[in-house]
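# Close look at the chain arrangement
Here's the letter readout for the chains.
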Amino acid sequence: MWYHKPVINKELLQSLPNLKIVASSGVGIDHLDLNLLSSYGVKVSNTPFVVSTDTADLGMALMLASSRRLVEGYEMAVSPDTEYFPADWLGTEVSGATLGIVGMGIIGYKVAERAKSFEMKILYHNRNQRKKEEESAVGAVYCKKIDDLLQQSDFVLLAVNLTPQTHKLIGKRELELMKPTATLINISRGLVVDQDALVEALQNKTINAAALDVTYPEPLPRDHPLLKLKNVIITPHIGSATKKTRRVMMEEMSESIQAGLAGLPIPHEVL
């Protein structure tokens with residue numbers, strides 16, 4: 001499966017009685033009905049680890065691009081109407097700022113490693129607290145309540161899996177808890193954020209900006225209000241989109257398929 005295609009539903013499974021394995025690209029499995037697949041005796045694999053480095057890099061790229069207003073700056077620099085660069089055209093500091101990471105799994109932790117190099121204060125909210133030595137290595141402070149993280153952070157970065165518990169995790173209430181100067185960065189799944197509430201928060205300056213690699217749907221309708229806001233950067237779900245990583249993803253999917261057909265243990269099987 002690539003980009004959630006083909007759709008794995010009951011009709012497809014009934015038409016493929018010899019199907020043994022579905023190898024899905026990427027880490028997210030929210031598009032798969034694992035119980036349905038299991039009922040047909042079909043195994044599932046994904047590629048959870050190879051995407052983490054590039055996705056963490058993109059999270060930092062989005063934070064930097066949004067804070068320093070790179071897209072707006074580029075448009076100003078190349079516009080045929082530009083006669084001078086205004087001296088009061090300012091961005092927001094990243095170095096020394098507070099980064100709140102929601103979801104401190106592999107990707108979230110790699111973001112923290114990168115943020116440490118920018119001398120950022122790092123807060124994180126997770127289902128489980130990391131080991132003390134892992135926290136110390138990146139200087140991260142655990143927030144048991146997400147509200148504490150939202151209220152203190154200059155940048156809030158979402159790196160959680162989409163589950164029933166994280167569906168619209170960030171809504172109107174959570175956005176209102178954030179600083180009016182804060183930026184929301186989403187590198188997880190679009191449905192982790194209540195998009196209507198986000199549009200309202202951006203329009204009303206409840207928060208300063210958003211940088212999104214994911215939306216719902218993807219792509220957004222061409223008349224969607226998010227596409228019209230200057231304080232939003234949107235990229236086309238490219239967290240893992242580098243030549244090396246995409247090649248390794250394909251290799252891992254092939255290995256899982258071969259193992260599944262041979263009746264061998266499947267690398268990265270989703271249980």
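The name an unreviewed UniProt entry assigns to the protein is Glyoxylate reductase/hydroxypyruvate reductase, from the organism Calyptomena viridis. For the protein, the Sequence similarities (unreviewed entry) comment in UniProt is given as "Belongs to the D-isomer specific 2-hydroxyacid dehydrogenase family."

This part is about unusual backbone geometry. In this model, Lys5 is joined to Pro6 through a cis peptide bond whose omega is 0 degrees. Looking at the secondary structure, you find Pro6 in the segment before helix 1 (10–15). The omega angle of the peptide bond from Glu218 to Pro219 is -5 degrees, so this bond is cis rather than trans. In this structure, Lys168 takes a positive phi of about 50 degrees despite not being glycine. The residue Lys168 is located in the loop between strand 6 (155–158) and helix 8 (172–177) in this model. Residue His268 is not a glycine yet carries a positive backbone phi of 60 degrees. Residue position: His268 is located in the segment after helix 10 (243–262). Judged by relative accessible area, His268 falls into the partly exposed class, the value being 27%.

Residue placement: Gln195 occurs in helix 9 (residues 195–203). Among the polar contacts listed, one links the side chain of Gln195 to the backbone oxygen of Tyr216, at a separation of 2.6 Å.

Take the sheet that holds strand 6 next. Pairing in this open sheet of 7 strands is parallel, and the strands run 5-4-3-6-7-8-9 from one edge to the other. With partners counted over all chains shown, the strands left at the sheet margins are strand 5 (140–142) and strand 9 (232–234), one partner each. The sheet shows a mean angle of 15 degrees between the axes of neighbouring strands, direction not considered. Summarising the sheet, strand 6 and strand 7 (residues 183–186) pair through 4 bridges and their orientation is parallel. Bridge pairing in strand 7 links Leu158 to Asn186.

Assigned domains of the protein: these are domain 1 (10–49 + 242–262) and domain 2 (51–82 + 89–234). Once you take the C-alpha centre of each, domain 1 and domain 2 turn out to be 30 Å apart. Taken together, the contact between domain 1 and domain 2 spans 10 residues of the former and 6 residues of the latter. Interface area, domain 1 with domain 2, both sides summed: about 730 Å², of which 54% is carbon and sulfur. Looking at the side of domain 1 facing domain 2, the largest losses of area belong to Val27, Asp30 and Phe49, adding up to 58% of the total buried there.

Leu175, Leu184, Leu198 and Leu226 are the most contacted members of the largest nonpolar core, which totals 29 residues. Secondary-structure elements contributing two or more residues to this core are helix 7 (146–152), strand 6, helix 9 and strand 8 (209–212). Broken down by element, this core gets its largest block of residues, 5 residues, from helix 9. Ignoring sequence-local partners within four residues, the contact set of Leu175 consists of Ile170, Leu184, Ala197, Leu198, Ala201, Thr206 and Ile207. With 28 residues, the next largest nonpolar core counts Met60, Leu62, Met104 and Ile187 among its residues.

Definitions and limits used
- Residues numbered from 1 in each chain as written.
- Predicted model: local features only at pLDDT ≥ 70, side-chain atom pairs only at ≥ 80, totals over all residues.
- Heavy atoms only, no water.
- UniProt positions renumbered as here; feature names shortened; annotations may be inferred.
- Helix = DSSP H or I, 4+ residues; strand = E, 2+ residues; numbered from the N terminus.
- Buried < 20%, exposed > 50% of the residue type's maximum accessible area, 1.4 Å probe, protein only.
- Polar contact = N/O pair within 3.5 Å; in protein donor to acceptor, adjacent residues only side chain to side chain.
- Pairing = 2+ DSSP bridges.
- Axes fitted to C-alpha atoms, helices over the stretch in contact; angles between N-to-C directions.
- Domains from an automatic or database assignment.
- Contact = heavy atoms within 4.5 Å.
- Buried area = accessible area lost by both parts, 1.4 Å probe.
- Core = buried A, V, L, I, M, F, W, Y, C linked by side-chain atoms within 4.5 Å.

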